[in-house]
Structures are given as C-alpha cells and as structure tokens.
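So the chains spell out like this:
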Amino acid sequence: MSLGFSVDTLLPKARGGGQLRMGLVKLEEHEWLDPAPVSAERAESFATWPQGVPLTPEVDAPGRDLAAMLSVEGALPEAALATHEDLCLLTRREGEEVYRLIGAAVAWPSDWHPAEKIGLPVATAFRRQDAIAPSSPVYAGNLGYGPNPKLLERVRSADLVIAVGARLGEATTDGYTVPTLEHPGQTLVHIHPDPEELGRVYRTDLAMCCSMDEFAECAALWEDEAIIPFDAGAEANAEWLAWATPQPSGAKIDLGMCVAAMREALPADTMICNGAGNFAGWWHRYWRYEAYPGQLAPTCGAMGYGVPAAVAASLAGASLIVVVVDNGAYGTIRMHQEREYPGRVSATALANPDFAKLGEAYGAWSVRAETTDQFIAALEDAKGRSGIRLIHALTDLERIAASGATITALRARAKATA
Ligand SMILES: Cc1ncc(C[n+]2csc(CCOP(=O)(O)OP(=O)(O)O)c2C)c(N)n1
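Just so you know, these numbers come straight off a predicted model, no measurement behind them. (Residues numbered from 1 in each chain as written. Predicted model: local features only at pLDDT ≥ 70, side-chain atom pairs only at ≥ 80, totals over all residues.)

Peer 1: Would you mind going over the sheet that holds strand β5 (residues 160–164) in detail, with residue names and values included?
Peer 2: Sheet architecture is open: three strands sit in the order β5-β6-β7, paired in parallel fashion. In this open sheet, the two edge strands, each paired with only one partner strand, are β5 and β7 (206–209). With direction set aside, neighbouring strand axes in the sheet form an average angle of 10 degrees. Here β5 pairs with strand β6 (residues 187–192) via five bridges, running parallel. Residue pairing for β6: alanine 163 is matched across the bridge by histidine 190. (Pairing = 2+ DSSP bridges. Helix = DSSP H or I, 4+ residues; strand = E, 2+ residues; numbered from the N terminus. Axes fitted to C-alpha atoms, helices over the stretch in contact; angles between N-to-C directions.)

Peer 1: Which residues make up the nonpolar core, and what values do they have?
Peer 2: Ranked by internal contacts, the top residues of the largest apolar core, which has 58 residues, are Ala140, Cys258, Val259, Phe375, Ile391 and Ala393. When residues of this core are assigned to domains, at least three fall in each of domain 2 (114–233) and domain 3 (245–417). With near-sequence residues (within four places) excluded, alanine 140 lies in contact with Pro121, Val122, Ala123, Leu151, Arg154, Ala236, Asn237 and Trp240. The next biggest cluster of nonpolar side chains, apart from the first, holds 14 residues, and it includes Ala67, Ala75, Leu76 and Ala79. (Core = buried A, V, L, I, M, F, W, Y, C linked by C-beta atoms within 7 Å. Buried ≥ 20, exposed ≤ 12 C-beta atoms within 10 Å, placed from the backbone. Domains from an automatic or database assignment. Contact = placed C-beta atoms within 7 Å.)

Peer 1: Please provide a residue-by-residue account of the pairing of strand β12 (residues 389–394), values included.
Peer 2: In terms of residue burial, β12 counts as a mostly covered element, since six of its six residues are buried. Judged by which residues are buried, β12 turns out to be covered on both faces: Arg389, Ile391 and Ala393 on one side and Leu390, His392 and Leu394 on the other are all buried. Bridging between strand β10 (residues 321–326) and β12 involves six bridges; their strand directions are parallel. Note that in β12 the partner of valine 324 across the bridge is histidine 392. Of the strand pairs in this sheet, strand β11 (residues 365–369) and β12 are connected by five bridges, and their pairing is parallel. The partner of serine 366 across the bridge, within β12, is leucine 390. Following the backbone out of β11, through helix α15 (residues 372–383) and into the adjacent parallel β12, one traces a crossover that is right-handed. (Right-handed = clockwise from strand over helix to strand, strands pointing away.)

Peer 1: Tell me about the site of the ligand, and please be specific about residues and values.
Peer 2: With respect to spatial proximity, 15 residues lie near the ligand, and among them Gly277, Phe279, Met303, Gly331 and Thr332 are the closest. Residue contributions to the shell around the ligand peak at three residues, all from helix α13 (residues 331–340). When the residues that make up the shell around the ligand are grouped by side-chain class, the tally is eight nonpolar, seven polar and no charged. (Near = placed C-beta within 6 Å. Nonpolar A, V, L, I, M, F, W, Y, C, P; charged D, E, K, R; others polar.)

Peer 1: Would you mind going over the sheet that holds β11 in detail, with residue names and values included?
Peer 2: The strand order across the open sheet formed by three strands is β10-β12-β11, and the pairing between neighbours is parallel. The sheet terminates laterally at β10 and β11, the two strands that pair on one side only. Taking each pair of neighbouring strands and ignoring which way they run, the sheet shows an average axis angle of 15 degrees. Across the sheet, α15 is in contact with β10, β11 and β12; its angle to β12 comes to roughly 175 degrees.

Peer 1: An account of the packing of helix α10 (residues 255–265) against α15 is needed here, citing residue identities and associated values.
Peer 2: Between two packed helices, both the angle of their axes relative to each other and the distance between the axes serve to describe the pair. For the pair α10 and α15, the least separation of the axes is 10 Å and the interaxial angle reads 25 degrees. Comparing the axis directions of α10 and α15 gives the class roughly parallel. Remark: the crossing between α10 and α15 carries right-handed chirality. Residue-level contacts link Met257, Cys258, Ala261, Met262 and Ala265 of α10 to Thr372, Phe375, Ile376, Leu379, Glu380 and Lys383 of α15. Of the residues that constitute the contact of α10 with α15, the class distribution is eight nonpolar, one polar and two charged. (Parallel < 35°, antiparallel > 145°, perpendicular 65-115°, else oblique. Left-handed = near helix turned anticlockwise from the far one by under 90°.)

Peer 1: Just give me the short version of the environment of alanine 401, but keep the residues and values in it.
Peer 2: In this structure, alanine 401 sits in the loop between β12 and α16 (407–417). C-alpha of alanine 401 to C-alpha of glycine 277: the two residues are 124 residues apart in sequence and 9.6 Å apart in space. Beyond its immediate chain neighbours, meaning those up to four positions away, alanine 401 contacts Gly146, Asn278, Gly281 and Met335.

Peer 1: Describe helix α7 (residues 149–157), listing the residues and the values that go with them.
Peer 2: Taken residue by residue, α7 has Leu151, Arg154 and Val155 as its buried positions. Relative to the axis of α7, the buried residues are bounded by an arc of 95 degrees and lie together on one face. Of the residues in α7, the exposed ones pointing more than 90 degrees away from the buried face are Pro149, Glu153 and Ser157. Looking at the packing, one finds that the buried side of α7 touches β3 (122–124), β4 (139–142), β5 and α9 (232–243). (Arc of directions from axis to C-beta.)

Peer 1: Run through the packing of α13 against α16, naming residues and quoting values.
Peer 2: Here α13 crosses α16 at 30 degrees, and the two axes come no closer than 7 Å. In terms of orientation, α13 lies roughly parallel with respect to α16. Taken together, the residues of α16 that come into contact with α13 (itself represented by Met335, Glu338 and Arg339) are Ile407, Leu410, Arg411 and Ala414. Of the residues in the contact of α13 with α16, the class split is four nonpolar, no polar and three charged.

Peer 1: Tell me about the environment of methionine 335, and please be specific about residues and values.
Peer 2: With respect to the helices, strands and loops of the structure, methionine 335 is situated in helix α13. Sequence separation of methionine 335 and valine 345 is 10 residues, and the distance between their C-alpha atoms is 9.6 Å. Among all residues touching methionine 335, those that are not within four sequence positions of it are Asn278, Ile400, Ala401 and Leu410.

See below:
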C-alpha cells in the first residue's frame, strides 16, 4: 500500500518548510492501523462534533481511493470511522512546493484544547463569540458591551491574562479599564498576528507575533505531566451559564425568552448576523454561538452590518430569518442621553414603518409579534417555510438593555449623581 508520499518527504514541506509544530510522529504502517478499533465511540464523537470532518470537494476522489485501500466502502469519513485513526488528506498542486490540507476526519479534537486540560477560564473578545464553543467546560463568556460583572471581576483580579488573537479594543476591555493599560500586579501575554497591534495600547509583558494556528499547534503540545489543573475554568463556566440563562423579565415581549426560543427552534449551526445597537445585546448574552462561523457582526460597531452580512451568508447557502427589533428609537443613543443628560431627549425617537407590511411588499413572509408567545409562534411558522421570513418584534423602549437596565432607572441614577 502506498499513500503517494512518505512522512519523511512530507514533513519538511508542511507549512512551507517551516518548523514542524503539529506534534506528529512517524508510525510504521503496521502501527497505524488498529486491528480492533472501538468504532462506537468514534461514531458518537463524529456525530456530536461534525466540525471535526471538514471536507473540500477536492478530497472526494482521493478519499474514495483511501477508503478502497482500507477495504472500506465510501470516502474519507467512512475510512476514518472504520479505522481507529484520525485521517487527513493533503495535496500538492502543480507548481506548488507546499502540501495543502484538503480534508480531514478528526474524532477527538478535545485533545487539542489546552485551556480545558488546564482548567483555565476562556472568554471571547467582543463579537468573536464563535471563536470558542460555548459547550467548552471552561467557557467563561464574552467580553463586550454589557459584560457579566463576575467575568469582569475575574479579569480584574487575575494574575495572568493571556490574550490570544484578540485586539485589546475598547469594547473587549470595558473602555480600556479591564485590564488597565499598565495592569500593575498582572502579567499580560498578548499573542497576535499583527506586529503593529502588540504593545500599541497596552503595556505587554510578553508579546508573541504569530498566527493563531501556529500558536494553537504549539500550545497543544503542552505535556500532560506538566499541567497543574485549576478549578477556575469550571467556576467561571458556571458563572457564565447563570448569566446567560434568561429569567422571565415580565416584559410583554421578553427578548431573553425569544432568544431562548430561537435556541430551541433553530439548528446549532445557525449564524447570527447583526450590526450595532442595544438590541444585539440579547443575542450576545443569551444565544449560544456554537457554530464556526456562527457570528457575523462588526467589531468596529457599525450600524447596518447585519442585513448585508445575512445576505452574504445566504449567498453561501444559508436560509434567512430576519428579526426586526423595533423599540421605536435609536435606543443606544437614548441610553447615553439618559445617562449623561437625564431627561434631555434629542432626535432619538423614530417614526417607524410597519416592517411586517414592508417585508410583505418585498415578497417576504412576514409577521408582527407584540408578545413572547406571538414571537415563538411566528418562529415555529417561519421554520416550516422557505425564502425570506421576517418577524417584526415590537419591544418596549423602557427596557433599554440586555443587562436589565431601564430608562427610568438610568435617568433616576443620573439625576441623583448630577
Ligand atoms: C453607521 C453608524 N452610525 C452611527 C452609529 C452610532 N450608533 C450606535 S448604536 C446607534 C443607534 C442604534 O439604534 P437601533 O439600530 O434602533 O438599535 P437600538 O439601540 O435601539 O436597539 C447609533 C446611532 C454607528 N454605530 N454606526
């Protein structure tokens, strides 16, 4: 049997001939085929983690050849299921020296999650919520607008902060306060592919300029014997779960419950697209960004991003449900007005059209929802249809943010401290 190349010839050429970081060791052919694989566990692992089988169209034919070599019916996924080995196929295109990965079937990716091994809490940066699966036992939540106060406190009191791939921007750092720019008593390690970013705003104790896959591959090699397990990951995960589980707010249309209903109703690989605005906060807090990519949202905070992002996703095959959250105002700006100049409302009220009728005029299936029950029913109905579906959710401006803040309370607090 031949795979067309040997490990010895392949390895120096992987990643353009750079240092090998994958932790691969060469096995003889008789070693890499387990004569009695336990396929039930592998089948379960493939079923629960479909992202472990990324396939390009290019891998189909060689995958079939590989399966045939192993006397298995099918292609790469079936071959990986029938053996006890995770399988990757690479190709070298004409005129290219490097090998490219064209498909893989990896059943046990959890071995590649160093933070889980160590028990360290991992939070995602603003609008990068799909970077870590929320089902990870050490997922600690999102650092963005309206963060979980318990998560902020954790970052504030940590001895060591490792920022992997994230820009330490305004939203992620709660306005450059967590951590503070000089973070006395705290060690900050910043890993980022752009050398301009490292040390630009934050004093950095250790800066590493590299791509995220290079870092991940190196980090995955941390030896188990050297690992000190911490409880902080599980604790932070429990705090996040409590924060990210909506409690009924008493609102006529309760957006937390609507997002919870969406989680029930829609597939886990659903992508959430949004632009700037307080409405997005309910999804940032209560949606589980399990898919990758699963969040199309602007880290620069631009309004008007959501619909074009959703159109782009639909061009790539996604089907669209549009939720218009209509509180009759530029709510975010109204919130700032009440906080800084309580009671001085200026140019933030909107005279909105009937978005359901507008959607209908454009050929979308559209529904108006004024209560949580109507929203849930609309969602169920929408699921059974194809084409663009639009739900016009009329919300109460008084409930201005997913944190639970109200206009009345903001105004009262601002007046009291004026
Ligand atoms: C292109 C652009 N213009 C202006 C802003 C400033 N801005 C941020 S949120 C916001 C109001 C958003 O209102 P809306 O979309 O109705 O959402 P809400 O906050 O009411 O949920 C504005 C004007 C922005 N972020 N992007």
